[in-house]
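Below are the chains, spelled out letter by letter.
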Amino acid sequence: MTIEEMKNRFCYKIKVYLRDPETGEPTEEYIILREPNSTELAKLTDNEQENNKIIMAIMPNCIVDSSITDETGNKVKNKQISDIIMSTTTLATDVMNDWLKACPFSSRKRNEEN
């Protein structure tokens, strides 16, 4: 097994569909985030409010792909996506909640969305 095969097989990636701001329903647009690594998770505390801040801080680094393109159809950089997500509390919270719900922290069962 190559290192790339290992990364693709054993490191979870979660597809989070962006929600329509008016209906709350998922759209076809998505962001793929990797699961937080051990170093990132070690920063979490017993304080839920503090943990939300920590998760919001690490989330932009966990974006690995998306369906988002620029006006010419080219993929945009993850930084551009994270800047937009983080510019609105509602979008950032929706993405964070959907991402964390899908992360299999207590199980190695693979998410069918991958």
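Just above, that's the structure.
Predicted model, so just to flag it, every value in this text is computed and none were measured.

Reading guide: rules and limits
Residues numbered from 1 in each chain as written. Predicted model: local features only at pLDDT ≥ 70, side-chain atom pairs only at ≥ 80, totals over all residues. Heavy atoms only, no water. Phe/Tyr/Trp six-rings, centres within 6.5 Å; stacked < 30°, edge-to-face > 60°. Helix = DSSP H or I, 4+ residues; strand = E, 2+ residues; numbered from the N terminus. Lys NZ or Arg CZ within 6 Å of the ring centre and 35° of its normal. Buried < 20%, exposed > 50% of the residue type's maximum accessible area, 1.4 Å probe, protein only. Arc of directions from axis to C-beta. Contact = heavy atoms within 4.5 Å. Disulfide = S-S within 2.5 Å. Core = buried A, V, L, I, M, F, W, Y, C linked by side-chain atoms within 4.5 Å.

### Considering the packing of aromatic side chains
Tallying each qualifying case throughout the model produces 1 aromatic pair. Relative to Tyr-30, the ring of Tyr-17 has its centre 6.2 Å away and its plane inclined at 65°; by these criteria the two rings are edge-to-face. Highlighted residues: Tyr-17 in strand 1 (residues 13-19) and Tyr-30 in strand 2 (residues 26-34), separated in sequence by 13 residues. The aromatic ring of Tyr-30 is capped on one face by Lys-15, whose charged end is 4.4 Å from the ring centroid.

### Details of helix 4 (residues 78-86)
Taken together, the buried positions of helix 4 are Ile-81, Ser-82 and Ile-85. Taken end-on, helix 4 shows its buried residues confined to a sector of 95°, consistent with a single buried face. Seen from the buried face of helix 4, the exposed residues on the opposite side, beyond 90 degrees, are Lys-79 and Ile-84. On the buried face of helix 4, the contacting elements are strand 2, helix 3 (48-62), strand 3 (63-66) and helix 5 (89-102).

### With respect to the state of the cysteines
One pass over the full model with this rule turns up 0 disulfides. Left unpaired, Cys-11 is separated from the closest cysteine sulfur, that of Cys-62, by 12 Å. Left unpaired, Cys-103 is separated from the closest cysteine sulfur, that of Cys-62, by 8.1 Å. Judged by its relative accessible area of 7%, Cys-103 falls in the buried class.

### Structural notes on the environment of Pro-36
Of note, Pro-36 is situated in the loop between strand 2 and helix 2 (38-41). On the accessibility criterion, Pro-36 (5% relative accessible area) is buried. Pro-36 sits 19 residues away from Ile-55 along the chain, and the two C-alpha atoms are 8.9 Å apart.

### Considerations on the nonpolar core
One recurring pattern in soluble globular proteins: nonpolar side chains tend to sit buried together. If you look at the biggest cluster of nonpolar residues, it comprises 20 residues, and the most contacted ones within it are Ile-31, Leu-33, Met-59, Ile-85, Val-95 and Trp-99. At the level of elements, strand 1, strand 2, helix 3, helix 4 and helix 5 are the ones that each hand at least two residues to this core. It is helix 3 that contributes the most residues to this core, 5 residues altogether. Residue contacts for Val-95: discarding those within four places in its chain leaves Val-16, Leu-18, Leu-33, Met-59 and Ile-85.

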